[in-house]
Amino acid sequence: MGKLGILKEFWDFLKVRKKWWLTPIVLVMILLGALIVFSQGSALSPFIYTLF
């Protein structure tokens, strides 16, 4: 199915079940994950990990 299939399935779930409140939660989780992945080797790592 792939990544696009998962996104389409999630979108269909939101439309059918009217769970729009999940959208900001998922977006914040994706952004935090990207922040951790992209800053892993930088000098910002000690400051970012203190947030968690």
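Parameters at a glance
- By convention here, each chain's residues receive numbers from 1 onward along its written sequence.
- Side-chain atom pairs in this predicted model are given and counted only at pLDDT of 80 or more, local residue features only at pLDDT of at least 70, and totals for whole chains, interfaces and linings cover all residues.
- The basis for every side-chain value is the complete set of non-hydrogen atoms in the structure, without hydrogens or water.
- A run of H or I in DSSP becomes a helix once it reaches four residues, and a run of E becomes a strand once it reaches two; helices and strands are each numbered from the N terminus.
- Partly exposed describes any residue whose relative accessible area lies between the buried limit of under 20% and the exposed limit of over 50%, with all areas from a 1.4 Å probe on protein chains only and scaled to the type maximum.
- Note on areas: Shrake-Rupley with a 1.4 Å probe; residue coverage comes only from the protein chains shown.
- By convention in these notes, a salt bridge is any Lys or Arg side-chain nitrogen within 4 Å of a carboxyl oxygen on Asp or Glu.
- Confidence of the predictor at the level of single residues is given by pLDDT, which spans 0 to 100.
- Note on patches: the residues involved have over 30% relative accessible area and no salt bridge, like charges join within 9 Å, and the nonpolar side chains Val, Leu, Ile, Met, Phe, Trp and Tyr join within 5 Å.

K.L.:
Sorry if this is basic, but what is going on with the overall build of the protein here?
P.N.:
The helix and strand inventory of the protein stands at 3 helices and 0 strands. Counted from the first residue to the last, the protein has its helices and strands arranged as α-α-α. Buried positions account for 10% of the 52 residues belonging to the protein. In the structure as shown, the protein presents an accessible area of about 4,700 Å², 77% of it carried by carbon and sulfur atoms.

K.L.:
Mind showing me how you'd approach the pattern of salt bridges here?
P.N.:
If the charged atoms of two oppositely charged side chains come close together, the side chains can form a pair. Tallying each qualifying case throughout the model produces 1 salt bridge. In this structure, Asp12 engages Lys8 in a salt bridge whose closest nitrogen and oxygen atoms are separated by 3.0 Å. Separated by 4 residues within a single helix, Asp12 and Lys8 lie in helix H1 (residues 2-17), roughly one turn from each other. Since its relative accessible area comes to 52%, Lys8 is described here as exposed.

K.L.:
Can you walk me through the confidence of the model for the protein in this structure?
P.N.:
Low pLDDT means the predicted coordinates in that region are not meant to be read closely. The share of residues in the protein with pLDDT of 70 or more is 83%, and the mean pLDDT across the chain is 80. Highest mean pLDDT in the protein belongs to helix H2 (residues 22-38) (85); lowest belongs to helix H3 (residues 45-49) (69).

K.L.:
Help me understand a nonpolar patch on the surface in this model?
P.N.:
Taken together, the side chains of Trp21, Ile25 and Met29 present a nonpolar region at the surface, about 360 Å² in accessible area. Overall, Ile25 belongs to the partly exposed group, its relative accessible area being 43%.

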